Amino acid sequence: MKPVSRYLFESIFKYWNHYYAVLPYNLNWQRTLSRQERQFLAENPIVVCDVGARGAAPEELAPLFGDMLYYAFDADEEECNRLRQLDHPFRERSLFPYFIGSDAPETPFYLYKARGESSTFLPGKRFATVFAGAEFGVEREITMSSISLDTFFANEEAHLPDFLKLDTQGSELEILRGASRAVQSATLIEVEVEFIEVYKGQPLFKAAYRDWE
């Protein structure tokens, strides 16, 4: 089955909800690369910075995994340790158990019943009532130190990203504000943005657009 046909097939039949059927952003990424293109990537690997890396790297990048330097960040050290035990398809992979945000020695962080929903924000009451139910709730609050991406790249011998992905349950705008070097370097930025308040007090699309207009 051709790659494009396979993705369309899976988007219709594999997932119970179309929300989970994520097609590649650019179907050209699914085409077979020429020898010259492969040689270029061998000499110039794609640098991906994935903030909020729980689970796995973005599947839409799968055809390029072998040509990637993959930097993964997750505030949950247990999740980072779990990922370290797994084989990976990347050219190189580095996992950092860092809470990325602003530079602050103490930041409140809420561990949710479902760990992937953990956030610096409390649940939005309306969203929890109408959409999410009782499982969308806080188990306990902890305090963490946070570091900005600008500080990370200043301190570490790491390549600046070509692709920046942020999925951090409401704190994406704060990360962008502390990531000027990464933003200037990146060719493509993927950011999760909400139009309704999933988390209480989180910046919504309108505020984020105004901030970066």
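Data block above holds the structure.
Residues numbered from 1 in each chain as written. Predicted model: local features only at pLDDT ≥ 70, side-chain atom pairs only at ≥ 80, totals over all residues. Heavy atoms only, no water.

Asks: Looking at this structure, I do not really get the sheet that holds strand β5 (residues 104-112). What am I missing?
Replies: Sheet strands pair by backbone hydrogen bonding; their relative direction is either parallel or antiparallel. The strand order across the open sheet built from three strands is β4-β6-β5, with neighbouring strands paired in mixed fashion. Both edges of this open sheet fall to β4 (99-100) and β5, since each of them pairs with a single strand only. Judged from the seven bridges that link them, β5 and strand β6 (residues 138-147) form a sheet pairing that is antiparallel. Paired with Tyr 110 across the bridge in β6 is Glu 141. (Pairing = 2+ DSSP bridges. Helix = DSSP H or I, 4+ residues; strand = E, 2+ residues; numbered from the N terminus.)

Asks: Explain helix α3 (residues 77-84) to me, please; I cannot follow it from the model alone.
Replies: Note: α-helices contain 3.6 residues per turn, so residues at a spacing of three or four share the same orientation. Turning to α3, its buried residues are Glu 79, Cys 80 and Leu 83. With its buried residues spanning 100° around the axis, α3 presents them on a single face. The backbone nitrogen of Glu 78 lies 3.0 Å from a side-chain oxygen of the residue at the head of α3, namely Asp 76. (Buried < 20%, exposed > 50% of the residue type's maximum accessible area, 1.4 Å probe, protein only. Arc of directions from axis to C-beta. Polar contact = N/O pair within 3.5 Å; in protein donor to acceptor, adjacent residues only side chain to side chain.)

Asks: I would appreciate a short explanation of the packing of aromatic side chains in the present structure.
Replies: Any two aromatic rings considered together are summarised by their centre-to-centre distance and by the angle between their planes. Tallying each qualifying case throughout the model produces 16 aromatic pairs. Plain terms: the ring middles of Phe 73 and Phe 96 are 5.1 Å apart, the flat faces sit at 20° to each other, and that makes the pair stacked. Highlighted residues: Phe 73 in strand β2 (residues 68-73) and Phe 96 in strand β3 (residues 92-96), separated in sequence by 23 residues. Like Phe 96, Phe 73 is buried. (Phe/Tyr/Trp six-rings, centres within 6.5 Å; stacked < 30°, edge-to-face > 60°.)

Asks: Explain the pattern of salt bridges to me, please; I cannot follow it from the model alone.
Replies: Applying the stated criterion across every chain, the model contains seven salt bridges. The residue Arg 38 makes a salt bridge to Asp 67 at a minimum N-O spacing of 2.5 Å. Highlighted residues: Arg 38 in helix α2 (residues 35-43) and Asp 67 in the loop between β1 (46-51) and β2, separated in sequence by 29 residues. With relative accessibility at 39%, the residue Arg 38 sits in the partly exposed group. Judged by relative accessible area, Asp 67 falls into the buried class, the value being 8%. Here Arg 115 ties to Glu 139 by a salt bridge, and the two come within 2.9 Å at their closest N and O atoms. (Salt bridge = Lys/Arg side-chain N within 4 Å of Asp/Glu carboxyl O.)

Function-wise, these values are silent; they only describe arrangement.
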